[in-house]
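Residue-level structural notes
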Amino acid sequence: DLSGRVALVTGSTSGIGLAVARRLARSGATLVLNGLADADAVDALCAEFRDTYGVPVRFQACDLRKPAQIETMMAELNHAYGALDILVNNAGIQHVSQIEAFPVDKWDDMIAVNLSASFHTIRTALPAMRARNWGRIVNMASISGLRGRAGKTGYNATKHGLIGLTKSVALETAQTAITCNAICPGWVHTPLVQKQIDALAEREGLDNAAATNKLLGLRQPSGKFVTLEQIAGLCEFFCSPDADEVRGVAWAMDGGTTAA
Ligand code: NAD
């Protein structure tokens, strides 16, 4: 039961972040949504949260590529709520390219959103969390934080980095009731992954179903997508009292990929 807890989920206008936000709201948490979305979509989402879960919700605009905007967002949230109880660093972007051709601006954006944004949210959330001596920090990494893959230098670098950040924050907070953990999803069917399916289909002249099967076959032994609900359930577990002593893990939910 997360009633009375306040949760910020970055990148919660789509995909995994939205599923996590819905799950935390279903458990009673007050939700702060964030992401890149137009005003109508944001209004519809906030109405859904109020109507379906009956919890307070607000949308916090913030381009996570911009440290100054993150500082402003975190100051506003600490002011509004005293402290965040749950911080889910979920927003992430992907770009697939061999390193020689990797666009430098895409590299910089990826480092900013996938890695540095978590540094900034955590460093600005922790003082108030420490003052209350309770907190949950969950970082959405990836199996790309545990394994390398040709074409994913930027993504691999950021996700390995995010797992390193997770472990060190977990140790810095080890004697408190604040935990910091990472989730490492395998393939989950979201817009981020559909773009990779579309690219594969185009490159190899496949239809959507064939490209999807090929992508899963590339490295997900189950041959199935991990579901949004399953990832959200793991995040909810990290927020529960049973997970009080789960600290600094990089927990794969990947249909067996990292077992091989
Ligand atoms: P998605 O594209 O559906 O959602 C990404 C979210 O991040 C959106 O809400 C988007 O608006 C937000 N975002 C992107 N750039 C932003 C910025 N500059 N400022 C603020 N918000 C920004 O992607 P998803 O598949 O749901 O991925 C969510 C997380 O899970 C990412 O960190 C991703 O790396 C990770 N992940 C996804 C998969 C998968 O198979 N889908 C697997 C492993 C890890």
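Structure: see above.
Remember, it's a predicted structure, so these values are computed and weren't measured experimentally. Every residue gets a number counted from 1 within its own chain, in the order that chain's sequence is written. Selection of residues for local features in this predicted model requires a pLDDT of at least 70, selection of side-chain atom pairs for listing and counting requires 80 or more, and totals for whole chains, interfaces and linings are taken over all residues. Side-chain measures were taken over the full set of non-hydrogen atoms in the model, leaving aside hydrogen atoms and water.

Moving on, we come to the sheet that holds strand 5 (residues 135–140). At least two DSSP bridges between two strands are required for those strands to pair. What counts as a helix is a DSSP run of H or I of at least four residues, what counts as a strand is a run of E of at least two, and both are numbered from the N terminus. Strand order in the open sheet formed by 7 strands is 3-2-1-4-5-6-7, and the pairing between neighbours is parallel. Strand pairing shows two members of the sheet lacking a second neighbour, strand 3 (57–59) and strand 7 (250–253), which therefore form its edges. In this sheet, adjacent strand axes meet at a mean angle of 15° when their direction is disregarded. The pairing of strand 6 (residues 178–185) with strand 7 spans 4 bridges and is classified as parallel. Paired with I183 across the two strands is W251, which belongs to strand 7. Across the sheet, helix 2 (residues 39–53) lies against strand 2 (30–33) and strand 3, angled at about 165° from strand 3, the strand it touches most. Note on geometry: axes are lines fitted to C-alpha atoms, helical ones only across the stretch in contact, with angles between N-to-C directions running from 0 to 180 degrees. A contact between two residues is defined here by any heavy atoms of the two lying within 4.5 Å.

To continue, consider the pattern of salt bridges. Salt bridges are defined as contacts in which a side-chain nitrogen from Lys or Arg sits within 4 Å of a carboxyl oxygen from Asp or Glu. Counted according to the given criterion, the structure contains 10 salt bridges. The salt bridge partner of E71 is R123, with a shortest N-O separation of 2.8 Å. Of the two residues, E71 sits in helix 3 (residues 67–81) while R123 sits in helix 4 (residues 104–132), which places them 52 residues apart along the sequence. Burial here depends on accessible area, computed with a 1.4 Å probe over protein chains only, as a share of the maximum for the residue type. Under 20% is buried, over 50% is exposed, and the range in between is partly exposed. Here R123 falls in the partly exposed class, since its relative accessible area comes to 33%. Note that R247 and E245 form a salt bridge whose closest N and O atoms lie 2.8 Å from each other. By relative accessible area, E245 is classed as exposed at 61%. Each of D63, R65, K66 and D109 takes part in a single network of salt bridges with overlapping partners.

A few words now on the nonpolar core. With 35 residues, the main nonpolar core has V20, L24, L31 and F49 as its most contacted residues. Elements that contribute at least two residues to this core include exactly strand 1 (6–9), helix 1 (15–26), strand 2, helix 2, strand 4 (86–89), strand 5 and helix 8 (228–238). The leading source of residues in this core is helix 1, at 7 residues. Setting aside chain neighbours within four positions, we find L24 in contact with L2, A7, V9, A29, L31, I86, V88, E236 and C239. Nonpolar cores are built from buried Ala, Val, Leu, Ile, Met, Phe, Trp, Tyr and Cys residues. Side-chain atoms within 4.5 Å join them into one set. Ranked by size, the runner-up nonpolar core spans 30 residues in total, among them L126, I143, I178 and A182.

The end-to-end C-alpha separation of helix 2 is 21 Å, in line with the 21 Å expected for 15 residues at 1.5 Å each. Here helix 2 has its buried residues at V42, L45, C46 and F49. Projected onto a plane normal to the axis of helix 2, the buried residues spread over an arc of 95° and lie on a single side. Turned more than 90 degrees from where helix 2 packs its buried face, D40, D43, D51 and T52 sit exposed. Residues of helix 2 that are buried make contact with helix 1, strand 2 and strand 3. Directly after helix 2, the chain includes G54, whose backbone phi takes a positive value near 65°. Each helix should span, by expectation, one fewer than its residue count multiplied by 1.5 Å. The directions considered for the arc run from the helix axis to the C-beta atoms.

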